[in-house]
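# Structural description and commentary
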Amino acid sequence: MPENDAARPNRRGGDRRRTTRGFGRPSSSLWYVAVIFLLIGAAQVYYLAPAGKTIPYSQFKDLLKAGEVEEVTVGEQTLSGTLKQPLPDDPRQSKQFTTTRVDDTTLTETLESHGVKYSGESVNRWLSELLGWLIPLLFFVGIWAFFFRRMNGAEGGIMSFARSKAKAYAEDEVKVRFTDVAGVDEAREELKEIVEFLKNPKKYTNLGGRIPKGVLLVGPPGTGKTLLARAVAGEAHVPFFSLSGSEFVEMFVGVGAARIRDLFQQAEAKAPCIVFIDELDALGKARVQSPVGSHEEREQTLNQLLAEMDGFDSRKGVIIMGATNRPEVLDPALLRPGRFDRQVLVDKPDIKGREEILRIHMKSVKVSPDVELHVIAARTAGFAGADLANLVNEAALLAARLDKTAVDRYDFDLAIDRLIAGLEKKRVMSVKEREIVAYHETGHAIVATVLPNLDPVHKISIVQRGFGALGYTMQLPTEDRYLMTRKDLLSQMAVLLAGRTAEEIALGEISTGAQNDLQRATDIARAMVTEFGMSEEMGAVNYDGAKRPRFLDIPFPQERGLYGEETAQKIDAEIKRLLTEAHESARNLLRGNRDKLESITRRLLEIDVMEGDELRQLLA
Ligand code: ADP
Ligand code: MG
Ligand code: ZN
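None of the values given here were measured: they were computed from a predicted structure.

### A look at the overall build of the protein
Looking only at helices and strands, one finds 23 helices and 13 strands in the protein. Sequence separation of at least 24 residues holds for 73% of the intrachain contacts in the protein that already meet a minimum separation of 6.

Laid out in structure tokens, this is it:
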């Protein structure tokens, strides 16, 4: 029937496809296992099977009494032997017989009295016992091999997996240069020194200087850490070994450690060169004491890395670079001198940096002349380098879809809108939030500049940091200070409270962004009252007692001096009075500079990062 005919080849075709595709590899190895089992089974049946005709014990006894039995072998459970002539009812006419042994104490006597040759059996026992072991063993080995091959399938074999995968990533000539990286000027400056050293190690070591062994690039995702590491290798014209931290962490204990050892051996042979461990946090997480010891493998790998870094002679010219966006989880041992002792911050770019990055990525794209880079840069606050690269690509795709000959403003506008919508989920500051942060930081900066005798403001930034802080105002001391007067401390508190005060004045509302400021201001006030004797009300008394050393760093639940409840209340009241005083002074200063607060905030919103000099000019 046509139905049947059509269905049959179809089904067969389907079956074949499934065997070759989905189960191809495993089934072929399973076949071997099956064949081996069959052979073993057959051997067992052959050797252990009772030979000849099986007869009841009673018949054997009768035959024995009749003198028909020639020879008997007494086994553990069976008796077998030969008869003088075959049994009449046996179709095969075999003289062999077997019978099940019965507990019969008179057997030997009977055998002897009829003159039968007899012997005990032991020949087959070792074989059966061996097979009894061998079969389950082979079974498990088979299963193990099966899974092992599956897990290891991609790598091509059992023997190769201890060798470092880094080999595959060793590049002799890296094409990336510093000109391909923009917006991270400070990081680039720091890395130039590394390049210098790699180019000419002798120059540095001749004077006895110690070369940094490890450089850790720290920064939010997509800011160009990997790119920078490659650029260092490219600029210095040295080989580049790169591996991701997660590649070290394997299922089998010891493999990661072996990989590290191998990687460093390869690197040493190729020095000068760079070993780059990307996503260092995957293997460098702080070691924890866990009762189950579940992180055995990662710890072993990390220990091996630490040992290799220690045992490494940096004068040979191997620089170890690492990158992470989660420096806070790294094991402190990694950051000790002689290991990753240099840390380079690779931060999100400011408006100027964004413009440069856009320029780099637009080189390979046909852009229409109406596209203004600084406009795009201004609209993409909070974008990292990778986001900007993505933006250019997205705009190019949009233009291509509309069959345009060049990418124009509208494509970029649309692409920005799309990406911002996507990034908002990744917590990029909204316009409203940026405004709050800008007022907040400007508040800090104005008060820090206007009040006398404080460290000058070096920089204000509202570029979102990867690690929590939304903006910052950086003050740099011009000289070392050993003493602070009461007035200095009050000024400092005023600066700390000024962020929140600016929000209050400009927006009529306060945000959660000031939590850290408040904590630090309160700490200062408390120290003034209880340690420095700077409160008239409380007098020149140290209420805290000598600061006790902490036992094993476990903080005491209550760390305060020996004073009564009444004193505690007075202290709290004094702290509050000092804070209010500082707050008041910040408020007066900012009210007096209301117009400056506005204009500087506007400017900061435009340029993301303001240098101290520009701030002082605007305030003058
Ligand atoms: P990270 O390692 O910090 O997560 P990558 O170096 O992998 O970031 O960056 C991914 C891509 O984004 C790079 O290949 C590059 O095209 C682009 N990019 C990132 N940062 C920059 C930058 N500062 N300058 C130019 N391009 C950048
Ligand atoms: Mg990276
Ligand atoms: Zn603040």
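### What about the coordination of the zinc ion (ligand 3)?
The zinc ion (ligand 3) binds to the protein through His440 (NE2), His444 (NE2) and Asp517 (OD), with metal-donor distances spanning 2.0 to 2.1 Å. Here the donor residues for the zinc ion (ligand 3) map to a single chain with the spacing H-x3-H-x72-D. Of this pair, His440 sits in helix H18 (residues 431-450) while Asp517 is found in helix H20 (residues 515-530), placing the two residues 77 residues apart along the sequence. What makes His440 buried here is its relative accessible area of 5%.

### Details of a nonpolar patch on the surface
On the surface, Trp126, Leu130, Leu134, Leu137 and Val141 cluster together into a nonpolar patch covering about 480 Å² of accessible area. Among the structural elements, Trp126 can be located in helix H5 (residues 123-152).

### Describing the pairing of strand S7 (residues 240-244)
On a regular strand, one side chain projects to one face of the sheet and the next to the other, so that they alternate. Burial analysis of S7 places five of its five residues in the buried class, which makes it a mostly covered element. Of the two faces of S7, the one lined by Phe240, Ser242 and Ser244 and the one lined by Phe241 and Leu243 are each fully buried. Relative to strand S8 (residues 273-278), S7 runs parallel, the two sharing five bridges. Across the sheet, the residue bridging to Leu243 is Ile277, located in S8.

### Structural notes on the site of ligand 1
Surveying the vicinity of ligand 1 reveals 14 residues, the closest of which are Ala182, Gly222, Lys225, Thr226 and His361. Here Gly224 contributes a backbone N or O atom positioned 3.0 Å from an oxygen atom of ligand 1. One nitrogen or oxygen atom from the side chain of Lys225 is found 2.8 Å from an oxygen atom belonging to ligand 1. Protein chains shield 77% of the accessible area of ligand 1, which is 550 Å² for the free molecule. Those elements that place two or more of their residues in the shell around ligand 1 are helix H9 (225-236), helix H14 (351-362) and helix H16 (385-401). In terms of residue count, H9 provides more of the shell around ligand 1 than any other element does, three residues in total. Grouping the constituent residues of the shell around ligand 1 by class yields six nonpolar, six polar and two charged. Both domains that furnish three or more residues to the shell around ligand 1 are identified here as domain 3 (167-345) and domain 4 (351-420).

### Re the sheet that holds strand S4 (residues 96-100)
Ordered by their spatial adjacency, five strands build an open sheet running S1-S4-S3-S2-S5, and the pairing between neighbours is mixed. Two strands bound the open sheet, and with one partner strand each, they are strand S1 (53-54) and strand S5 (117-120). Inspection of the sheet shows S1 paired to S4 by two bridges, in the parallel sense. Bridging across to S4, Lys53 finds its partner in Phe97.

### Comments concerning the packing of aromatic side chains
What describes a pair of aromatic rings is the distance from one ring centre to the other and the angle between the planes of the rings. Counted by the stated rule, this structure contains six aromatic pairs. A ring pair is formed by Phe146 and Phe147, whose centres lie 5.2 Å apart and whose planes are at 65°; its orientation type is edge-to-face. Given the relative accessible area of 44%, Phe147 is considered partly exposed. With 5.8 Å between their ring centres and 25° between their planes, Phe240 and Phe276 make a pair best called stacked. Of this pair, Phe240 sits in strand S7 while Phe276 sits in strand S8, and the two are 36 residues apart along the sequence. For the pair shown, Phe240 and Phe276 are each scored as buried. Connected via pairs of aromatic rings, a cluster forms that spans Phe37, Phe139 and Phe140. The aromatic ring of Tyr410 is capped on one face by Arg409, whose charged end is 5.7 Å from the ring centroid.

### Thoughts on helix H19 (residues 486-507)
Compared with the 32 Å implied by 1.5 Å per residue over 22 residues, the 31 Å span of H19 between its first and last C-alpha is a close match. Within H19, the axis deviates most sharply at Ala498, by approximately 45°. A positive phi of about 65° marks Gly508, the residue just after H19.

### Describing the confidence of the model for the protein
Confidence in the prediction for the protein averages 79 pLDDT; 81% of positions are at 70 or higher. Across residues 1-26, confidence stays below pLDDT 50; counting only partners more than four residues off in sequence or on other chains, it has six contacts. Taken as a whole, residues 153-159 scores under 50 in pLDDT and shows seven contacts with residues more than four places along the chain or in a different chain.

About the thresholds
- Residues numbered from 1 in each chain as written.
- Chains lettered and ligands numbered in written order.
- Predicted model: local features only at pLDDT ≥ 70, side-chain atom pairs only at ≥ 80, totals over all residues.
- Heavy atoms only, no water.
- Helix = DSSP H or I, 4+ residues; strand = E, 2+ residues; numbered from the N terminus.
- Contact = heavy atoms within 4.5 Å.
- Donors = N, O, S within 2.8 Å, 3.2 Å for Na, K, Ca; no water.
- Buried < 20%, exposed > 50% of the residue type's maximum accessible area, 1.4 Å probe, protein only.
- Patch = residues over 30% accessible without salt bridge, like charges linked within 9 Å, V, L, I, M, F, W, Y side chains within 5 Å.
- Areas by Shrake-Rupley, 256 points an atom, 1.4 Å probe, with all protein chains shown as cover.
- Salt bridge = Lys/Arg side-chain N within 4 Å of Asp/Glu carboxyl O.
- Pairing = 2+ DSSP bridges.
- Near = heavy atom within 4 Å.
- Polar contact = N/O pair within 3.5 Å; in protein donor to acceptor, adjacent residues only side chain to side chain.
- Nonpolar A, V, L, I, M, F, W, Y, C, P; charged D, E, K, R; others polar.
- Domains from an automatic or database assignment.
- Phe/Tyr/Trp six-rings, centres within 6.5 Å; stacked < 30°, edge-to-face > 60°.
- Lys NZ or Arg CZ within 6 Å of the ring centre and 35° of its normal.
- Expected span 1.5 Å × (residues − 1).
- Bend = angle between axes of the 7 residues up to and from the residue.
- pLDDT = per-residue confidence, 0-100.

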